[in-house]
Amino acid sequence: MSNLDIRTPALGRTELWKNAAEIDAAIARMVDELTGLLARQGIADPLMIGIHTGGVWVAERLHGALGLHEPLGHLDISFYRDDFTRIGLHPQVRPSCLPVGIDDRHLILVDDVLQSGRTIRAALNVLFDYGRPASVILATLAERAGRELPIAPDVVGLRARLDRDEQIKLSGPAPLILLRGQAPRKPAGKSDLKDARSNPEEDPRVSPGPDPETNRP
Amino acid sequence: MSTPNPQLDAQGHLKHFLTIDGLSRELLTEILDRAEGFLGVAQQAVKKVPLCRGKVVANLFFENSTRTRTTFELAAKRLSADVLNLNISTSATAKGETLLDTLHNLEAMHVDMFVVRHATSGAAHFIAAHADPHVSIINAGDGRHSHPTQGMLDMFTIRRHKPDFASLRVAIVGDILHSRVARSQIHALTTLGVAEIRVIAPRTLLPSRVEEAFGVRVFHDLREGVRDVDVVIMLRIQRERMNSALLPSEHEYFHLFGLTEKRLSGARPDAIVMHPGPINRGVEMDSQVADGPRSVILEQVTNGIAVRMAVMSMCIGTQNLNSQGRGEFLNG
């Protein structure tokens, strides 16, 4: 998720915002839009890269539906977050995996929810440490207000109108649903950090399950 | 715990890394898990992540080392820290400066982390006890006491080949008496819960009552000791041990305790062979084993960088937490 600077391990009280069928429909719209965009830009053979964790779930679906034959890449942006100097290392880091070289390739970067834009800033920095892509298209399942950086998505599945203290969180990998809830109110700073740090550790070698954090990097 | 562990901050986060002894299985596992994430940095075209940008790491090596110093240096550089390499034995102390004066001078240069190697056991603890609270100390080997990053890179290498510690039999072969590497390995293997730890050594190179002290099984016969083990860790034999008459000769040592394919045949077929380096070929093991399919010795070097990145970034991250905590306290 994109709102890096709110670290809530879980939404306090959640309710279903979009069910699996609505997510399916949104992903189908994204596939149509991406197909059109790629055709207009004359891109025949893009590489798709999902941002851990929710972005990878969405990317897996898009990757299959678009019939891309090169393997999906996974990006973990923990080492590139802009808040390490404030909160230390994120508890869960999975290795990034870009199985195909990205030099001179057209990339489709996929995330679940775009808010502040800080995740995408970090993801672009990771990508450019792997090589120099020809272009990057940004596709997000959901978009909401709250941008803090000049970053705009090219393809969006759902647009969320939320109050400032509301959050949405993708739950997956199957079925994919979007939950909505109030961000728990608490003083910023130390207590915040403790929570972020005390998340249950997940063995990075097992397949990713649902992320306990709302705002997983 | 009655006395707080000097390596941890009040919340239990790793602040210094001085010894494996006394750290929990959860913390050791966290180090191993984090190191997995850092392995991928070597696959990047730009082999760097910006985690420790603007931080200064000083390598304080009071004792010679090539591999450990260079892998610490590379780890710090891959974290984007600035690195100072100080070969203390040839500089300040030769002019009569004390250890603490050297330390305080470097603190005045706003160094954030010291990586310390010293011939005296306890040197890293001593420095940690006297350093500024915002500074982290990593022990890169102190006397016969501890070499915790080596211990953890060995655990990391074992786990990548054999993920289930609880089922493992591990044999450590060589100079247990003088080896800080062996002590760190034994503490780590014990904490991670391996099924059995064996030490295989001549009687002159074993601490007294090693069974009770470390909970290990002792063997004086290599072939017998490696039978059915999953991991064989060879230790380096230092030449000066021959001079002090603890060993008759290199040739004699190899004849009795050198690892050969033939002697290794009693180990499990998928057993791996490790060595912290540098290897004395023809003393600890022959080249057939060192370069053979079961050897993971060069993997240990690669893994050492990722493990050191994990430990360094955890300690620097804890500094960040604490400095924020301090600011918050002041603001009331």
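All of the points below concern the structure found in this document. Predicted, not measured: the structure shown is a model, and the values here were computed from it.

1. Here's the deal with the overall build of chain A
Working step 1: Helix and strand content of chain A: 5 helices and 8 strands.
Working step 2: Along chain A, from the amino end to the carboxyl end, the secondary structure elements read β-α-β-α-β-α-β-α-β-β-β-β-α.
Working step 3: Per-residue burial for chain A yields a buried fraction of 57% across its 217 residues.
Working step 4: Sequence separation of 24 or more characterises 75% of the internal contacts of chain A that already satisfy a separation of 6 or more.
Working step 5: For chain A, the exposed area adds up to about 9,000 Å²; of that, 52% sits on carbon and sulfur atoms.

2. With respect to the sheet that holds strand 7 (residues 217–219) of chain B
All names here are of chain B.
Working step 1: Taken in spatial order, the 5 strands of this open sheet run 7-6-5-8-9, and their pairing is parallel. Looking along the sheet, the strands with just one partner apiece sit at the ends: strand 7 and strand 9 (272–274). The mean angle between the axes of side-by-side strands here comes to 20°, regardless of whether they run parallel or antiparallel.
Working step 2: The pairing of strand 6 (residues 196–200) with strand 7 spans 3 bridges and is classified as parallel. In the strand pairing of strand 7, Val199 is matched with Val218.
Working step 3: With respect to the sheet, helix 5 (residues 148–161) is in contact with strand 8 (231–234) and strand 9, its orientation differing from that of strand 9 by roughly 165°.

3. Digging into unusual backbone geometry
Working step 1: Cis geometry is found at the peptide bond from Gly172(A) to Pro173(A), where omega equals 5°.
Working step 2: For Pro173(A), the location among the structural elements is in the loop between strand 7 (166–171) and strand 8 (177–182).
Working step 3: Note that the residue after Gly277(B), namely Pro278(B), is joined by a cis bond; omega there is -10°.
Working step 4: Considering the arrangement of structural elements, one finds Pro278(B) in the loop between strand 9 and helix 12 (287–290).
Working step 5: With a phi angle near 60°, Asp104(A) is a residue other than glycine that sits in the positive phi range.
Working step 6: Within the secondary structure layout, Asp104(A) lies in the loop between helix 3 (84–87) and strand 4 (106–114).
Working step 7: A positive phi angle, near 65°, is found at Asp228(B), a position not held by glycine.
Working step 8: Structurally, Asp228(B) is set in the loop between helix 8 (222–225) and strand 8.

4. A look at the pairing of strand 2 (residues 47–51) of chain A
All names here are of chain A.
Working step 1: Across the 5 residues that make up strand 2, a large majority, 5, are buried.
Working step 2: Where burial is concerned, the two faces of strand 2 agree: the one with Leu47, Ile49 and Ile51 and the one with Met48 and Gly50 are both buried.
Working step 3: Relative to strand 4, strand 2 is paired through 4 bridges, and the arrangement is parallel. By the bridge assignment, Leu47 is partnered in strand 4 with Leu107.
Working step 4: For strand 2 and strand 3 (residues 73–75), the ladder comprises 3 bridges, and the chain directions are parallel. Opposite Gly50, over in strand 3, you have His74 as the bridge partner.
Working step 5: Each parallel crossover has a hand, and for strand 2 linked through helix 2 (residues 54–66) to strand 3 it is right-handed.

5. As for helix 4 (residues 123–130) of chain B
Residues and elements named next belong to chain B.
Working step 1: Turning to helix 4, its buried residues are Ala123, Ala124, Ile127 and Ala128. Along the long axis of helix 4, the arc covered by the buried residues comes to 135°, so they all point the same way.
Working step 2: On its buried face, helix 4 is in contact with helix 3 (99–108), strand 3 (113–118) and strand 4 (136–142).

6. Things to note about the packing of aromatic side chains
Working step 1: This model, assessed by the stated rule, comprises 2 aromatic pairs over all chains.
Working step 2: Here the aromatic rings of Tyr253(B) and Phe257(B) are separated by 5.6 Å at their centres, their planes lie at 25°, and the arrangement is stacked. Linking Tyr253(B) with Phe257(B), this pair stays in helix 10 (residues 250–257), spanning 4 residues, or about one helical turn.
Working step 3: Using a relative accessible area of 5% as the deciding quantity, one classes Phe257(B) as buried.
Working step 4: In this structure, Lys18(A) packs its charged tip against the face of Trp17(A), placed 4.9 Å from the ring centre.

7. Things to note about the sheet that holds strand 3 of chain B
Residues and elements named next belong to chain B.
Working step 1: Read across the sheet, 4 strands follow the order 2-1-3-4 without closing on themselves; strand pairing throughout is parallel. Two strands bound the open sheet, and with one partner strand each, they are strand 2 (82–87) and strand 4. Neighbour-to-neighbour, the strand axes of the sheet open up by a mean angle of 15°, direction not taken into account.
Working step 2: Note: strand 3 against strand 4, 5 bridges, orientation parallel.

8. Let's talk about the pattern of salt bridges
Residues and elements named next belong to chain B.
Working step 1: What the rule picks out here adds up to 24 salt bridges over all chains.
Working step 2: Note that Arg69 is salt-bridged to Glu73, the shortest N-O span being 2.9 Å. Taken as a pair, Arg69 and Glu73 lie in helix 2 (residues 67–78) at a separation of 4 residues, close to a single helical turn.
Working step 3: On the accessibility criterion, Glu73 (15% relative accessible area) is buried.
Working step 4: Residues Arg281 and Asp291 are paired through a salt bridge, measuring 2.9 Å at the closest nitrogen-oxygen approach. Of this pair, Arg281 sits in the loop between strand 9 and helix 12 while Asp291 sits in the loop between helix 12 and helix 13 (297–331), and the two are 10 residues apart along the sequence.
Working step 5: Judged by relative accessible area, Arg281 falls into the partly exposed class, the value being 45%.

9. Comments concerning the environment of His52(A)
Working step 1: If you trace the backbone, His52(A) turns up in the loop between strand 2 and helix 2.
Working step 2: With 16 residues separating them in the primary sequence, His52(A) and Leu68(A) have C-alpha atoms 19 Å apart.

10. Looking at the nonpolar core
Working step 1: Formed by 91 residues in total, the largest nonpolar core has its most connected members in Phe38(B) and Ile172(B).
Working step 2: Among the elements that make up this core, the one with the highest residue count is helix 13 of chain B (10 residues).
Working step 3: The next biggest cluster of nonpolar side chains, apart from the first, holds 32 residues, and it includes Ile23(A), Leu38(A), Val110(A) and Leu141(A).

Rules used in this analysis
- Residues numbered from 1 in each chain as written.
- Chains lettered and ligands numbered in written order.
- Predicted model: local features only at pLDDT ≥ 70, side-chain atom pairs only at ≥ 80, totals over all residues.
- Heavy atoms only, no water.
- Helix = DSSP H or I, 4+ residues; strand = E, 2+ residues; numbered from the N terminus.
- Buried < 20%, exposed > 50% of the residue type's maximum accessible area, 1.4 Å probe, protein only.
- Contact = heavy atoms within 4.5 Å.
- Areas by Shrake-Rupley, 256 points an atom, 1.4 Å probe, with all protein chains shown as cover.
- Pairing = 2+ DSSP bridges.
- Axes fitted to C-alpha atoms, helices over the stretch in contact; angles between N-to-C directions.
- Right-handed = clockwise from strand over helix to strand, strands pointing away.
- Arc of directions from axis to C-beta.
- Phe/Tyr/Trp six-rings, centres within 6.5 Å; stacked < 30°, edge-to-face > 60°.
- Lys NZ or Arg CZ within 6 Å of the ring centre and 35° of its normal.
- Salt bridge = Lys/Arg side-chain N within 4 Å of Asp/Glu carboxyl O.
- Core = buried A, V, L, I, M, F, W, Y, C linked by side-chain atoms within 4.5 Å.

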